[in-house]
Amino acid sequence: MSLLSNTAVLLGKELRTEFRSRELLTTTFIFILTIIVLFSFTFDPTSDESRRFAPGLFWLAFLFASSLMLQSCFLREQPNDTLSALRLSVSDPFSIFLAKLAANALFLLLTELLLLPFFTVMYNVPVLPVLHWLALVFFLASLGISIAGTALSAISAQARMRELLLPLLMLPLLTPILVASAEATKALLDRAPYVPWAGMGFLTVFDVVFLTAIWLFGEYLLEE
Amino acid sequence: MSSLDSVFAAYVLGWAVFFVFYLTVARRTATLDKEVERLKNTLNRGK
Amino acid sequence: MGKRALAGAVVVFLMGAAAYASFYIAPEEKTMHVLQRIFYFHAATAWAGMTALFIGFVANLLYVWRREGKWDALGVACAEVGLACFTVVLITGPIWAKPAWGIYWTWDARLTSTFILWLLYVSYLLLRTLIEEPDRRALLSALFGIFAFIDVPIVFGAIRWWRTQHPAPVIMGGPGSGLDPTMSKVFFFSVFALHCLVVFLINERYRLEKLRAKFEIVRREAEAI
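Structural notes, computed from the coordinates. What you see is a predicted model, and the numbers here were worked out from it, not measured in a lab.

Counting secondary structure elements, chain A contains 10 helices and zero strands. Listing the helices and strands of chain A from first to last along the sequence gives α-α-α-α-α-α-α-α-α-α. Compactness check: chain A gives a C-alpha radius of gyration of 18 Å against a globular reference of 17 Å for 224 residues, within 12% of the reference. Evaluated residue by residue, chain A yields a buried proportion of 44% over its 224 residues. Of the contacts made within chain A by residues no fewer than 6 positions apart, 81% connect residues no fewer than 24 positions apart.

Another aspect to go through is the interface of chain A and chain C. Between chain A and chain C, the contact holds 26 residues from the first and 25 residues from the second. Looking at the side of chain A that touches chain C, the elements with two or more residues in it are α7 (131-156), α8 (162-173), α9 (175-189) and α10 (197-221) of chain A. Examining the composition of the side of chain A that touches chain C, we find that nine residues originate from one element, α10(A), more than from any other. Taken together, the residues of the side of chain A that touches chain C sort by class into 21 nonpolar, two polar and three charged.

One non-glycine residue, Met161(A), lies in positive phi territory at about 55 degrees. Mapped onto the fold, Met161(A) is located in the loop between α7 and α8. Note on Met161(A): 13 C-beta atoms within 10 Å, which makes it partly exposed. The backbone of Arg67(C) sits at a positive phi, close to 60 degrees, despite the residue not being glycine. In this fold, Arg67(C) is placed in the loop between α2 (38-66) and α3 (69-101).

Conventions and cut-offs
- Residues numbered from 1 in each chain as written.
- Chains lettered and ligands numbered in written order.
- Predicted model: local features only at pLDDT ≥ 70, side-chain atom pairs only at ≥ 80, totals over all residues.
- Helix = DSSP H or I, 4+ residues; strand = E, 2+ residues; numbered from the N terminus.
- Rg over C-alpha atoms; globule rule 2.2 N^0.38 Å.
- Buried ≥ 20, exposed ≤ 12 C-beta atoms within 10 Å, placed from the backbone.
- Contact = placed C-beta atoms within 7 Å.
- Nonpolar A, V, L, I, M, F, W, Y, C, P; charged D, E, K, R; others polar.

Rendered as structure tokens:
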């Protein structure tokens, strides 16, 4: 399967580039940490209040951070025009997207997991009993954010004012992700936690629909 | 505001939005039409 | 010119007739009385706006496949007209909500998702202003238009699923749910009038976009000399 092997090679390249410097991960991590601290001033972070508001705030912080984080994934190919080289070297341009979005999803997931201890301590919400479900919600949501976000960053990289444009294109489009993942997290952090099938269902639908869309239209996004 | 006033306001504002939209399109079309004509004339004179 | 002016006159007449019908022909509704008459305009505009966005979506798809300038022009025309429609929906909605519910805005499912839809298409038009090269602008905005349109049902579904769990103000049932036959006749006449308006506006906006392309060609010729 050349699509998968191509993707694996490209994914390796993306991961090596990032883990050499870890710039993206460090910056995003600190950014979200800052927002989480600042949020605590906007409401009274007692346990009950936190259960109600924290999941939404967490995902909102995440969405903003990812709209900044995803900027670079096509932008950094521009100075040396490495994208043309990539396009020539693979048979199916879908594998470029697949590699980039897998790398982005991985970065997002990693940041989320790193932030979880801070989040749970600072906002006083117990996560250990529901950790496996939480991880699944995180996975589905990060995947959705990076699927749509990678496609949109390919668009915004070719426009002016791209730093502002990407959040503007991304945030309304990702509303379903925000609503579904915030509600799912809220269900898991409830005093009587329950498995949020509806939330995870919506996240899955979003992921499948947009992955199909990129599979169909992704190659046009990378045209010269 | 009485109910009838609300209904009236809704219709007037709604119509106004469509009308303003039409006006901007018509104005942009008129300006562009003039520009095209002007350019064509200069082109013909240049030949 | 004559034909377009005639079409404009017909559209104005139809819109006037629809307004007349909803004020004088439609019977008074039991709970909302005269206020319910906004419904004929408000809901019909939303339907017509949805039609415009759907045509725009088809035009975007056709552009991606065929790469002909006319589909790009149709795409923008539909997006702008659709946006105008949803602007009207978002204006008439709160005017209706204030006397009916006592507040202008509530974060109810339909209002919120309509607002997100409006934002999506604003970003579409904004994106177009930020890409210089015409071919690239056409392609990228068509692709964003496609993504935006397929996002709409998911947005409506997700917001509806969670936000209607909250106690929401009672909205009257849509057409079909025991609507009086005269009412539904008036409503569908309104829908028809609004569709005529939308088609007329799309055509006007489409001509403007074609004229722009022509202007570019003439300008390049002039620069070449």
